[in-house]
Amino acid sequence: MRTVSLGHLVLEDGVIEKPEWEYSVNGRVTQLSDGALPDWNYFSDVVASCKVTVNLVLVRDELKLPHDAVLGWVLVARSSASNIITTSPPQAVLDGVQEVSLLVPASAVGGIMTLELEMALLTPSAAQSARFAPSKVGHTVYRHSSKLILEGDAGQLPILPVSFRDHGIKNPEAALWWLRLLSKDLHDAVEATLWMWLNTDNPQLRPLIDHTESETGDVWMQVLKMDFIRQLLREAVAHPDLDPAHDYPEGSLGALLLGVVRLIGGSVNEVRSKYADDPGRVEAGLQGVVLGSAR
């Protein structure tokens, strides 16, 4: 019995051999380690390539498609840390071995990335379609997905290189970074709501962008991390709904903000009171805790 999905035939399991995935970071092929890309960082583009073998005669027979109908491949990338969806241009399905590739820019990558290889109808047949045969452009007949862990369980500092000039910032070559909070909902996942935008227009930040492992890049990274946590503290004391008695989900904004408050010690209300009285002293104490633990 044929499988019908959304009113048209799709390919049964086994008609397409299991695709082989390959990933490159900054032009170098990278081997996965427990599903993760160990060489990836926030400034790295990722190229996903999928090698797939097709018996086109068998595929057409399974789908009841005439020879003039054209099927196509497309690769789709989605990231849990960004709302950007990246897709490859449609590529006609050929008989035999074929490779489909997609460049995913650094600005669209983070958290966990899901890649989906799809086969769909590109050009319908001029003849009348058989019953249940895919007949409209975009009718999807096959999907195969792969997931990449980019940030691991601990998570890295969520940085995105962004041009401040494009966002209308005055004197963009002088600005450093911008904590971009996309949501104030304490139950939302951090990886989808919070980013530190790094200004690519400032030439002084080039070591941090291009040479993160250099001595200068490391110094900039320490300063950036400290300012990141300081701004999180500011968000924590200013958020009216942050409740230490509430059990926020792991990885949520609420859990993160409470974690920053606990670095200082005391209840949320106590930290709020101290911060209102002398924010500089509270931030100095936070520096001691954060930088002291990094030694």
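What you are looking at is a predicted structure, and each value in this text was computed from that prediction instead of being measured.

What counts and how
- Residues numbered from 1 in each chain as written.
- Predicted model: local features only at pLDDT ≥ 70, side-chain atom pairs only at ≥ 80, totals over all residues.
- Heavy atoms only, no water.
- Core = buried A, V, L, I, M, F, W, Y, C linked by side-chain atoms within 4.5 Å.
- Buried < 20%, exposed > 50% of the residue type's maximum accessible area, 1.4 Å probe, protein only.
- Helix = DSSP H or I, 4+ residues; strand = E, 2+ residues; numbered from the N terminus.
- Contact = heavy atoms within 4.5 Å.
- Arc of directions from axis to C-beta.
- pLDDT = per-residue confidence, 0-100.
- Pairing = 2+ DSSP bridges.
- Axes fitted to C-alpha atoms, helices over the stretch in contact; angles between N-to-C directions.
- Polar contact = N/O pair within 3.5 Å; in protein donor to acceptor, adjacent residues only side chain to side chain.

A separate point is the nonpolar core. Formed by 38 residues in total, the largest nonpolar core has its most connected members in V59, L71, W73, M113 and M119. Mapped by element, the contributors of at least two residues to this core are β3 (20-25), β5 (46-54), α1 (56-63), β6 (70-79), β9 (96-104), β10 (112-123) and β11 (140-149). Excluding residues that lie within four positions of it along the chain, L71 makes contacts with V59, L63, L65, Q91, A92, V93, M119, A120, L121, L122 and V141. If you look at the next biggest cluster of nonpolar residues, it comprises 34 residues, including W177, L198, V237 and V282.

Right, let's get into helix α5 (residues 253-264). Looking only at α5, the buried set comprises L253, G254, L257, L258, V260 and V261. Around the axis of α5, the buried residues are gathered within 155° of arc, so they sit on the same side. Those residues of α5 hidden inside the fold are in contact with β13 (177-181), α2 (190-193), β14 (194-199), α4 (215-238) and α6 (268-277). Downstream of α5 by a residue or two, G265 has a phi angle that is positive, lying close to 100°.

Take the confidence of the model for the protein next. Here the protein averages 85 in pLDDT, while 89% of its residues score no lower than 70. By mean pLDDT, the top-scoring element of the protein is strand β8 (residues 91-92) (97), and the lowest-scoring one is strand β1 (residues 4-5) (44).

Moving on, we come to the sheet that holds β5. Strand order in the open sheet formed by four strands is β4-β3-β5-β9, and the pairing between neighbours is antiparallel. Both outer strands of the open sheet, β4 (28-30) and β9, are each paired with one neighbouring strand and no more. Ignoring which end each strand starts from, the neighbouring axes of this sheet average 30° apart. Note: β5 against β9, nine bridges, orientation antiparallel. Paired with A48 across the bridge in β9 is L102.

With that settled, consider the side chain of T30. Tracing the chain through its elements places T30 in strand β4. Engagement of the side chain of T30 in a polar contact is seen with the backbone oxygen of R28, the distance being 3.2 Å.

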